[in-house]
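Understanding the architecture of this molecule
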Amino acid sequence: MSETNLLNKTTKNHDVNSNSKTYNLNRFSVAPMLDWTDRHCRYFFRQLSKNTLLYTEMVTTGAIIHGKGDYLKYSEEEHPVSLQLGGSDPQALAQCAKLAQERGYDEINLNVGCPSDRVQNGRFGACLMGEAQLVADCVKAMRDVVDIPVTVKTRIGIDELDSYAFLCDFIEKVSANNNCDTFIIHARKAWLSGLSPKENREVPPLDYPRVYQLKRDFPHLTMAINGGIKSLEEAKEHLKHMDGVMVGREAYQNPSILAHVDHELFDNQLAIADSVSAVRAMYPYIEKELLQGTYLGHVTRHMLGIFQGIPGARQWRRHLSENAHKQGADLSVLENALKFVTEK
Ligand SMILES: Cc1cc2nc3c(=O)[nH]c(=O)nc-3n(C[C@H](O)[C@H](O)[C@H](O)COP(=O)(O)O)c2cc1C
């Protein structure tokens, strides 16, 4: 098997192989982020790391079942990729999970962490932390119809329901009878009213020790930690306590950290992608997308942060922001923008 095939291969028992070693699929992932981790973004991140698990934005069961577009569209090159579902109707979730498996997704993840009003009105997202039995039923309904992993992304509490005992009770109920064996824990609670989703990612304090304690108390479960992680050094510290690390905003705003993931966290000595090569590796994909009517800017908006900290980064961003949305913008816009970071 070629090295690329080896790196990309995922197995149904939640594993990813790299350099002849086996790691769990959730060892390092980029978080689901609405409006950010769309398929163009994920395709770009994949140029930087082969082993990182990439999450889709949250897709609601309603959109998949009743929507007009293809909400499950992705590229083969994105593997390993996990579909995050938003919903709380077990039958609808099962229907979507089945479709996702048929389309080749590597994992299904249930959103039990989003606090937005819209999501609460639909009775899903973080408010489901208060309905552990319903979450268990949702996971069971999905697991009954697929053999890919079904995982849950949750917070450490909601509103006044923020004791450690409450969190343990939630995990206990959702994981009972081998129902769910993988959790991603955003290490802060959510306030369901009074704070915007953005504030809910900043205001409630992070509590890493509580998440470590959870892993110690449920050693048989696979647990990844999320929230406020900004470097691979920090990720390595967390991996001393946890099975996995999920990074959100830092990966999006500073994607070059992904270039070191395969080497640092998956022991792949060969794999450090340089940022300029990662940009140029996007060209065939972009050309195909342009032919299909995608605007250049829809892809390049996810690439703005790639040269963060490098001389010329500001001009790179400005050139793309000013030109990539113009009618007829093509790869020459990217080549011209690259001159700011490659010509000294
Ligand atoms: C723009 C944006 C959109 C997000 N959308 C989702 C989402 O669709 N589903 C979800 O579970 N979390 C969502 N989140 C939360 C992230 O997945 C993550 O839990 C949070 O940002 C904390 O991780 P970080 O500090 O590494 O960014 C979103 C975060 C951001 C910044």
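Residues numbered from 1 in each chain as written. Predicted model: local features only at pLDDT ≥ 70, side-chain atom pairs only at ≥ 80, totals over all residues. Heavy atoms only, no water.

The gaps of empty space that remain are located by a probe, the size of a water molecule, rolled over the atoms. Roughly 710 Å³ of volume is contained in the largest pocket. Lining the largest pocket are 30 residues, and of these Pro32, Met33, Leu34, Lys153 and Arg201 lie nearest its centre. The set of elements that each furnish at least two residues to the lining of the largest pocket consists of strand S11 (244-247) and helix H10 (249-253). Sort the elements by how many residues they give to the lining of the largest pocket and H10 lands first, with three residues. The residue inventory of the lining of the largest pocket, partitioned by class, reads twelve nonpolar, ten polar and eight charged. Space inside the second largest pocket adds up to approximately 210 Å³. Along its surface, the second largest pocket is lined by 14 residues, and Arg42, Glu57, Val59, Tyr71 and Lys73 are the ones closest to its centre. Contributing elements (two or more residues each) for the lining of the second largest pocket: helix H2 (39-48) and strand S5 (53-60). Looking at the lining of the second largest pocket residue by residue, the class counts come to six nonpolar, two polar and six charged. (1 Å grid on protein atoms, 1.4 Å probe; cavity = no way out; pocket = protein on both sides within 12 Å on 5 of 7 lines; lining within 4 Å. Points joined across faces, edges and corners; volume = space filled by probe spheres on them. Helix = DSSP H or I, 4+ residues; strand = E, 2+ residues; numbered from the N terminus. Nonpolar A, V, L, I, M, F, W, Y, C, P; charged D, E, K, R; others polar.)

Working definition: two side chains of opposite charge can pair if their charged atoms are close together. Overall, the coordinates contain 19 salt bridges when judged by the stated rule. Across the pair Arg42 and Glu78 runs a salt bridge, and its minimum N-O distance is 2.6 Å. Of the two residues, Arg42 sits in helix H2 while Glu78 sits in the loop between helix H3 (61-66) and strand S6 (81-86), which places them 36 residues apart along the sequence. Classification of Arg42 by relative accessible area gives buried; the value is 4%. Assessed through its relative accessible area of 0%, Glu78 is described here as buried. (Salt bridge = Lys/Arg side-chain N within 4 Å of Asp/Glu carboxyl O. Buried < 20%, exposed > 50% of the residue type's maximum accessible area, 1.4 Å probe, protein only.)

With that settled, consider the UniProt feature "binding site: FMN" (unreviewed entry) in the protein chain. Under the present numbering, the feature "binding site: FMN" (unreviewed entry) in UniProt falls on Pro32, Met33, Leu34, Gln84, Lys153, His186, Asn226, Gly227, Gly228, Gly248 and Arg249. Within this annotated set, the largest pocket is lined by Pro32, Met33, Leu34, Gln84, Lys153, His186, Asn226, Gly227, Gly228, Gly248 and Arg249. Inspection of the secondary structure puts Lys153 in strand S8 (residues 150-154). For Lys153, a relative accessible area of 13% corresponds to the buried category. Ignoring any residue separated from it by four or fewer positions in sequence, one finds Lys153 in contact with Pro32, Gln84, Asn109, Leu110, Asn111, Val112, Gly113, Ile184, Asn226 and Met246. When sequence neighbours within four positions are dropped, the list of residues in contact with Gly227 reads His186, Leu206, Tyr208 and Met246. (UniProt positions renumbered as here; feature names shortened; annotations may be inferred. Contact = heavy atoms within 4.5 Å.)

Ranked by size, the top nonpolar core spans 110 residues in total, and within it Phe28, Ile171, Val279, Trp316 and Leu334 carry the most contacts. Discounting residues that sit within four places of it in the chain, Trp316 has contacts with Val279, Met303, Leu304, Ile306, Phe307, Leu334, Ala337, Leu338, Phe340 and Val341. (Core = buried A, V, L, I, M, F, W, Y, C linked by side-chain atoms within 4.5 Å.)

Residues Asp15 and Asn17 of strand S2 (residues 15-18) are buried on one face, and the alternating residues Val16 and Ser18, pointing to the opposite face, are buried as well. Pairing geometry for S2 and strand S3 (residues 21-24), over four bridges, is antiparallel. Looking at S3, one finds that Val16 is bridged to Tyr23. Counting the residues between successive antiparallel strands, the hairpin from S2 to S3 contains two residues, one of them, Asn19, with a positive phi of roughly 55 degrees. (Pairing = 2+ DSSP bridges.)

Around the ligand, 17 residues are found, and the nearest of them are Gln84, Asn226, Gly228, Gly248 and Arg249. At a separation of 2.7 Å, a nitrogen atom of the ligand approaches a polar side-chain atom of Gln84. In this structure, an oxygen atom belonging to the ligand sits 2.6 Å away from a side-chain N or O atom of Asn226. Compared with its free state, where it exposes 610 Å², the ligand has 93% of that area covered by protein. (Near = heavy atom within 4 Å. Polar contact = N/O pair within 3.5 Å; in protein donor to acceptor, adjacent residues only side chain to side chain. Areas by Shrake-Rupley, 256 points an atom, 1.4 Å probe, with all protein chains shown as cover.)

Glancing now at the packing of aromatic side chains. Applying the stated rule across the entire model yields six aromatic pairs. Measuring from ring centre to ring centre gives 3.8 Å for Tyr43 and Tyr285, while their planes differ by 15 degrees; the resulting arrangement is stacked. With Tyr43 in helix H2 and Tyr285 in helix H13 (residues 283-291), the pair connects residues that are 242 residues apart, well separated along the chain. Take Tyr43: its relative accessible area is 10%, and that puts it in the buried class. A residue is classified by how much of its surface remains accessible, and Tyr285, at 4% relative accessible area, is buried. Considering the side-chain rings of Tyr74 and Tyr105, the 4.4 Å spacing of their centres and the 40 degrees angle between planes classify their relative orientation as tilted. A residue pair is termed long-range when its members are at least 10 positions apart, and Tyr74 in the loop between H3 and S6 and Tyr105 in the loop between helix H4 (90-103) and strand S7 (107-112) qualify at 31 residues. Tyr105 matches Tyr74 in its accessibility class, with the two residues each being buried. (Phe/Tyr/Trp six-rings, centres within 6.5 Å; stacked < 30°, edge-to-face > 60°.)

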